[in-house]
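# Topology and contacts: notes
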Amino acid sequence: MSSKPRVQINSREWVIPSTPTPSKKKRTSLSDWDIVMYKSYTPLLLFYTNDEKNPDFMNTDILKSSLSAVLEHFYPLAGRLVDIGNGRDEIDNCDAGVLFQEAEYQGELEAFKENGYLPNQMDYHRMFPIHFYCSSEDPLFAVQVTRFMDGGVALGIMILHKIADTYSACFFLDAWAKKARGFEYTRALFRRDLIEPPYGAMITDESMVHYREEHRVIKETESQLLRMDPNQQKYARTSPNGPMPLKSIILEFHSDGLFQCKKDAHTLDMIDNKDWLSTKDALFAMLMRAIIRCRDVPSDDTEIKMIMSVNGRSKKGINKDLDYYFGNWMISKSISSTKAKVEESSLADTAVTFRQLIDGITPSLFHGISKLYTLHEDMSVNYLSYQPNSNIQSTSSDVSMLPFWRLDFGFGRPDRTRGYITFGGNGCMIVFARGDGTDGPMYDVQLQMDADSMGRFIEDPDVQKYAKNILF
């Protein structure tokens, strides 16, 4: 007899907007930037410790009523995708609702906290209300409240990447949390004209190169096969035909280690010329170099690429309304190197390359990509040429600027935020901030790779030097 899972679902219901969406808002169009995204969910886990043992902690009625109220102004989240042909979808604002589940965990949250909330395969998987988008009846947003025996709570969030990037997801969660506390919140703007290229925008050579490198045409039915090997068990990470054994770790970075990393990323000439790099430039450069060194590739000259997402709102110029734009407005940029180049170059060299990569992104690149999208009547295009379980490619996401640590529903701020990679994904990295007003802990880096590469990564001298703690 198989053992009973530690997470048991107690209730499952649909939360709809408190006020029916008017007929004039029955459809919400998706931008081309939305359309090229996979129909997959972006996962987030927020852990709330109940230190005062409040029996009414994260009250269900408050969570549901505030969610229903805030959906009045974020009504597309309660809708459903509708296929309108040529690879395009729209949101039918039918008020079908968002999925709200409650569950119990037969264990204490304190045990997770002691281990840095390190992702555990089955336990983490069961803390989410849904995992794969399979049909037009599936929700665009779903939440699961998992209650632990010591009163702590994990809030598992899934939002469909097709309708929102991580910035928009945080924007909505912030509005929901403020509504739960009875505070005013900022409403979203679903105006697609906000990201349209200005009149006369040109398709630059840079746009063409970027598009050819980062996009590929593929039938959606084929892309869904990338999610998992059809011959492996539903939740298994490995099988004879499946991905490599994967391992997750958490790297904790404190201010002293980050300061030293930043210092080491500057040459004497850079210091003399006051050519300063940011802490993030140094951190990402160090991590990328360690990932490259740990990879098992055919030769030291094999190109290994890291794909990074950059929020277009940071490049918006004078258009303040883009702060409230709800949808996808992210662009991917790739940086590559080889083991040989890493050995020949310094941390400063790689950090400078990172700075040039990010600072070199201009609004004209976004406008050029938008113009290229408009040339495609059939939008069956995937945003990234992503190769799951690849030793020559990894993805990186920096959400440390998004205030997940402030998401207080009236019961205190979350202790940690974590992601979860629901299918494959070798070399996936996400950077979370530890909170504001802290002098010591600054960033948590959640990394997933195959077990062999991870073993070498953990022993990398730079990782050992700059990370305060390595949890695995």
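Details of the structure are given in the entry above.
Anyway, here's the lowdown on the structure attached to this text. These figures come from a predicted structure and were not determined experimentally.

Reading the values: the criteria
- Residues numbered from 1 in each chain as written.
- Predicted model: local features only at pLDDT ≥ 70, side-chain atom pairs only at ≥ 80, totals over all residues.
- Heavy atoms only, no water.
- Pairing = 2+ DSSP bridges.
- Helix = DSSP H or I, 4+ residues; strand = E, 2+ residues; numbered from the N terminus.
- Axes fitted to C-alpha atoms, helices over the stretch in contact; angles between N-to-C directions.
- Phe/Tyr/Trp six-rings, centres within 6.5 Å; stacked < 30°, edge-to-face > 60°.
- Buried < 20%, exposed > 50% of the residue type's maximum accessible area, 1.4 Å probe, protein only.

What follows concerns the sheet that holds strand β14 (residues 393–398). Pairing is mixed in the open sheet, where 7 strands are placed in the order β12-β11-β14-β16-β17-β10-β18. Of all strands in the sheet, those bounded by a partner on one side alone are β12 (330–337) and β18 (469–471). Taken pair by pair, the neighbouring strands of this sheet meet at an average axis angle of 20°, ignoring direction. Pairing between strand β10 (residues 246–254) and β18: 3 bridges, direction antiparallel. In the strand pairing of β18, Glu252 is matched with Asn469.

Moving on, we come to the sheet that holds strand β2 (residues 27–29). Neighbouring strands of a sheet are bound in pairs by backbone hydrogen bonds; such pairs are parallel or else antiparallel. The strand order across the open sheet formed by 3 strands is β2-β5-β4, and the pairing between neighbours is antiparallel. Edge strands, defined here as strands with exactly one partner in the open sheet, are β2 and β4 (80–85). Averaged over all pairs of adjacent strands, the angle between their axes in this sheet comes to 35°, without regard to strand direction. Sheet topology places β2 next to strand β5 (residues 88–92); 3 bridges connect them, and they run antiparallel. If you follow Thr28 over to β5, its bridge partner there is Ile91.

This paragraph deals with the packing of aromatic side chains. Across all of its chains, the model carries 29 aromatic pairs by this definition. Geometrically, the ring pair formed by Trp176 and Phe409 is edge-to-face, given 4.9 Å between the ring centres and 75° between the ring planes. On the criterion of sequence distance, the pair formed by Trp176 in helix α5 (residues 166–180) and Phe409 in the loop between β14 and β15 (416–418) is long-range, its members being 233 residues apart. With respect to class, Trp176 is no different from Phe409; both count as buried. Site record: aromatic cluster; members linked through ring pairs are Tyr48, Phe74, Tyr75, Phe141, Phe171, Phe172, Trp176, Phe190, Tyr324, Phe326 and Phe409.

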